[in-house]
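# Analysis of the macromolecular model
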Amino acid sequence: MKLTRRNVLGLTAGAAAFAVAGARMTPALASAEDAEKMIMEFTGGAKPGEGKVSLNTPEIAENGNTVPVSVSVESAMEGDDLVESVIIFADGNPSPAVATFHFTEMSGEALATTRIRLAKTQNVIAVAKMKDGSVFMDKKQVKVTIGGCGG
Amino acid sequence: MASKPRIKVPKSASAGEVITIKTLISHEMESGQRKDKDGNPIPRQIINKFTCTFEGQKVFECDLDPAISANPYFEFNAKVPASGTFKFTWLDDNGSVYEAEAPIEVK
């Protein structure tokens, strides 16, 4: 390949993109593995199913210091159809655990909203444990633009 | 550290109605990840547990980790079987307990 101006530019951009991706991947993966481990601990080894849980997060968070997160689980909240607890993880934070909500029949509805800290763009994961032992999860990616003027 | 908590509970409800409660407490929620000017880590000090009870019955509980934002805010639901009082407690890492109450009347 001849070293033209166009080639050089293309190559440098590609290399730079690769380097950035690489640098971002490593710590995220380490924490993602932690998150995976903690999910397994929470569920007692059961693989979480899809559905029932819905996690509501902004697609883009301008300020990673306060990101509103709300989670709701479909349930009658009576008898055996009861959500016992919902755990929230952020797989790119220095420590993935965020919060654990515990519900009772008195909750009426399995729904909770809070504000969380996100270190960078990452997945937020909610895992719900029902009274009958079944587990469900939902996952949403949140883009974090710290110090940027979002739009 | 923490100031008087702010709570929003409707004044009245019909029996068995599911209401929404909002709470906010001022707290630094020092994560333990930050360092001071000399590079020494600032020790963690957060609220680690929040509970809401209605007449002694547990309604909602949350275990907090350092990833919860400063001034922890919660919004959740509660079933109101009869007139009574909601009690809220926040437990601090340093052993302090912050408390608040809100009455509700069933019409």
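A brief report on the enclosed structure follows. (Residues numbered from 1 in each chain as written. Chains lettered and ligands numbered in written order. Predicted model: local features only at pLDDT ≥ 70, side-chain atom pairs only at ≥ 80, totals over all residues. Heavy atoms only, no water.)

## Quick word on the overall build of chain B
Counting secondary structure elements, chain B contains zero helices and eight strands. When the elements of chain B are put in sequence order from the N terminus, they spell out β-β-β-β-β-β-β-β. Along the first, second and third principal axes, the C-alpha atoms of chain B reach 60 × 20 × 20 Å. Taking all 107 residues of chain B together, the buried fraction comes to 42%. Within chain B, residue pairs in contact and separated by at least 24 positions form 58% of the contacts whose partners lie at least 6 positions apart. Here chain B has roughly 5,500 Å² of accessible surface; of this, 46% comes from carbon and sulfur atoms. Taking the 14 positively charged and 15 negatively charged side chains of chain B as two groups, their mean positions are separated by 5 Å. (Helix = DSSP H or I, 4+ residues; strand = E, 2+ residues; numbered from the N terminus. Buried < 20%, exposed > 50% of the residue type's maximum accessible area, 1.4 Å probe, protein only. Contact = heavy atoms within 4.5 Å. Areas by Shrake-Rupley, 256 points an atom, 1.4 Å probe, with all protein chains shown as cover. Lys, Arg positive; Asp, Glu negative; His and termini not counted. Charge placed at Lys NZ, Arg CZ, Asp CG, Glu CD.)

## Here's the deal with the interface of chain B and chain A
You'll often see interface size given as the accessible area lost when the parts meet. Taken together, the contact pairs 29 residues of chain B with 26 residues of chain A. Of the roughly 2,300 Å² buried at the junction of chain B and chain A (both faces included), carbon and sulfur atoms supply 50%. Linking chain B with chain A are one salt bridge, by the criterion used here. Seen at the junction of chain B and chain A, the total is 20 residue pairs in polar contact (both at pLDDT 80 or more). Those elements that provide at least two residues to the side of chain B that touches chain A are β3 (17-24), β5 (57-64) and β6 (73-80) of chain B. (Buried area = accessible area lost by both parts, 1.4 Å probe. Salt bridge = Lys/Arg side-chain N within 4 Å of Asp/Glu carboxyl O. Polar contact = N/O pair within 3.5 Å; in protein donor to acceptor, adjacent residues only side chain to side chain.)

## Points about the packing of aromatic side chains
Counted under the stated rule, the structure contains 14 aromatic pairs over all chains. Ring geometry for A:Phe101 versus B:Phe74: centroids 6.5 Å apart, planes at 90 degrees, classification edge-to-face. One end of the pair, A:Phe101, is in strand β5 (residues 97-103); the other, B:Phe74, is in strand β6, on a second chain. The pair A:Phe101 / B:Phe74 is uniform in exposure class, with both members buried. Over the ring of B:Tyr73 we find A:Arg115, and its NZ or CZ is 4.2 Å from the ring centre. (Phe/Tyr/Trp six-rings, centres within 6.5 Å; stacked < 30°, edge-to-face > 60°. Lys NZ or Arg CZ within 6 Å of the ring centre and 35° of its normal.)

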